[in-house]
Amino acid sequence: MDEVATKIVEILKKHMKEPRDDISLSTELQDLSIESLDLAMIVFDIEDSFGIEIPYNANEEVEDFKTVGSVVDKVRELIENKDGSTAAAGA
Amino acid sequence: MRNGNGTRRVVVTGMGAVTPIGLTVPELWEGVRQAKSGVSELGGFPLDDLKILIAAQIKNFDQKARLKHFQRDKIVIHADRYSWFAAAAADEAMRQSGLEIPVANPYRAACIVGSGAGGLVTYETAYRDLFIHNKRATHPLTLLRIIGSSASAHVGIEFGVKGPTFATCSACSTATHAIGLAFDYIRRDMVDVAIAGASESVINYGTMKAWQALHVLSPQGCFPFAKKRNGTVLGEGAGILVLEELEHAQKRGANILGELIGFGLTSDAKDMVNPGVEGPREAMRMALADAGLEPEKIDYLNAHGTATAINDKNETNAIKEVFGDHAYKLAISSTKSMHGHPLGAGGGIEATLCIKAMEENWVPPTTGLDEPDPDCDLDYVPNVGRDHDVTYTMSNSFAFGGLNTVLVFGPPPA
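Below you will find a few notes about this structure. Keep in mind the model is a prediction, meaning the values are calculated, not measured. (Residues numbered from 1 in each chain as written. Chains lettered and ligands numbered in written order. Predicted model: local features only at pLDDT ≥ 70, side-chain atom pairs only at ≥ 80, totals over all residues.)

### With respect to the overall build of chain A
Inference 1: Of the regular secondary structure elements, chain A holds 3 helices and 0 strands.
Inference 2: In terms of overall size, chain A behaves like a compact globule, its C-alpha atoms giving a radius of gyration of 13 Å where 91 residues would be expected to give roughly 12 Å.
Inference 3: Its C-alpha atoms give chain A principal-axis dimensions of about 45 × 30 × 20 Å.
Inference 4: Looking at chain A residue by residue over its 91 residues, the buried ones come to 18%.
Inference 5: Partitioning the contacts of chain A with sequence separation of at least 6, the portion at a separation of at least 24 is 63%. (Helix = DSSP H or I, 4+ residues; strand = E, 2+ residues; numbered from the N terminus. Rg over C-alpha atoms; globule rule 2.2 N^0.38 Å. Buried ≥ 20, exposed ≤ 12 C-beta atoms within 10 Å, placed from the backbone. Contact = placed C-beta atoms within 7 Å.)

### Focus on the interface of chain B and chain A
In many analyses, interface size is given as the accessible surface area lost on bringing the parts together.
Inference 1: Every contact between the two is made by 6 residues of chain B and, on the other side, 5 residues of chain A.
Inference 2: Classifying every residue of the side of chain B that touches chain A gives 4 nonpolar, 1 polar and 1 charged. (Nonpolar A, V, L, I, M, F, W, Y, C, P; charged D, E, K, R; others polar.)

### A few points about the nonpolar core
Residue and element names in this part refer to chain B.
Inference 1: Membership of the largest hydrophobic core comes to 129 residues, with the highest contact counts inside it found for Ala-86, Ala-90, Val-113, Ala-182, Ala-194, Ile-195 and Leu-243.
Inference 2: The biggest single contributor to this core is helix α3 (residues 81-97), with 10 residues.
Inference 3: Residue contributions to this core reach at least three from each of two domains, namely domain 1 (10-251) and domain 2 (263-404).
Inference 4: Setting aside residues up to four positions removed in sequence, Ile-195 forms contacts with Ala-90, Ala-93, Met-94, Cys-111, Val-113, Val-155, Phe-159, Val-161, Ile-240 and Val-242. (Core = buried A, V, L, I, M, F, W, Y, C linked by C-beta atoms within 7 Å. Domains from an automatic or database assignment.)

### Comments concerning the sheet that holds strand β7 (residues 237-245) of chain B
All names here are of chain B.
Inference 1: With mixed pairing, 10 strands are arranged side by side in an open sheet as β5-β4-β6-β7-β1-β8-β14-β13-β9-β10. Every other strand in the sheet has two partners, leaving β5 (165-166) and β10 (331-333) as the edge strands with one partner each.
Inference 2: Strand contacts of α3: β1 (10-18), β4 (109-114), β6 (193-200) and β7, with the helix running at about 135° to β1, the strand carrying the most contacts. (Pairing = 2+ DSSP bridges. Axes fitted to C-alpha atoms, helices over the stretch in contact; angles between N-to-C directions.)

### Topic: the pairing of β7(B)
Residue and element names in this part refer to chain B.
Inference 1: For β7, a buried count of 9 out of 9 residues is recorded, marking the element as mostly surrounded by other parts of the structure.
Inference 2: Burial along β7 is two-sided: the face carrying Gly-237, Gly-239, Leu-241, Leu-243 and Glu-245 and the face carrying Ala-238, Ile-240, Val-242 and Glu-244 are both buried.
Inference 3: In the sheet, β1 pairs with β7 via 8 bridges, with the strands oriented antiparallel. Within β7, the position partnered with Val-10 by the bridge is Glu-245.
Inference 4: As defined by bridge partners, β6 adjoins β7 across 8 bridges and the pair is classed as antiparallel. Pairing of Ala-198 across the sheet is with Gly-239, part of β7.

Structure (structure tokens):
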């Protein structure tokens, strides 16, 4: 796991009642017994850590939040977009 | 089991409190016995330009230790401090009551836990984040922490209460309104059990500035009924009772601590700040009439006694109008002299002290009463508590806006 993935797993563990050590990219979030309120806090923490904004609505089922890997992919994409737009703005 | 007037009887089977002089009811009682002062130097946040530098803050409350066994409410640890106090006090009261947790008959239980202001500390933190630190968002739990009914919801979730669950809000009468409403719900057969009281935790920079601007805080201390009194001292905490229908309690062999026998509630409809004489007087009369008790029967009165110039004088006059000659024989004290003024939570904490006074036949003192104000010439049990036969007690709560509430307690039914 790279830096982004490690950081995200750390954040997930922080919000779990009983943190586990066997979390991989294919782990489903629902298997971590993360509930909607936990997810709001996790999103908040991830946004803070990476300086990004995650489009997320608690009323919708979101594919991006299915597995740990999909969260990592989404965050990586948002970081790249952010860097891209910063670079564009700089050009 | 019904009263002469046909209503069901209501007893107290559990009590819980979190205060600056004791983090449980036994500790609070010990603090009162020792005439402890909860007032100390203000701290815990930047004081900047504040002029009032004292408060009765709770400084050693460990929410993680106190609430770690909570089973059903998974996020109470992430709640506002006012909800922690409520949860801790409710937990103490429920455990003392010996009721099943979660409650056995959830739709026949109520949870009325009020707060004068809700999560004010969270508000300030969120606004500092947004307006000063230019943060992009508030913490996701901000809303849930702030709302004034969150403490009642947290407590209701943990103890599995599915009947009437909400908060009361009437400034310094909040807890007393909550207890009075719960009393009424049990009497009219809506529920058999109720968790009722209030919690408050508002001491932060903004609150201190707001109170300072109203010029009713003392820079020195809380000295009710004393000549030197010059304002109240902000406090914080929670006071919660478990109320139960008499037969319901007897059937399960509960230890009955006392009976709630009267509730009076009026409004001055006159002034936002200055309390009247008439409104408090009528509330006390209403509570006595509700209890079917002659004024002479009251042995101990826990006064509202905020140590503001006008409250103590007007409360004294109202007591004289209700009790006549007995006003001079009655033991009266303001325990705010020790635990400070916990605003909405006051009536809950003071109700527990009334019941302890009956249990132990000992009346708490009014501390700091070296020289009484000539306008306040009753027996306020100055400085040291004393042995005193206590069969019936009254607890007064009079709030900003002229909102008056009074409870009357009697001994456990034989």
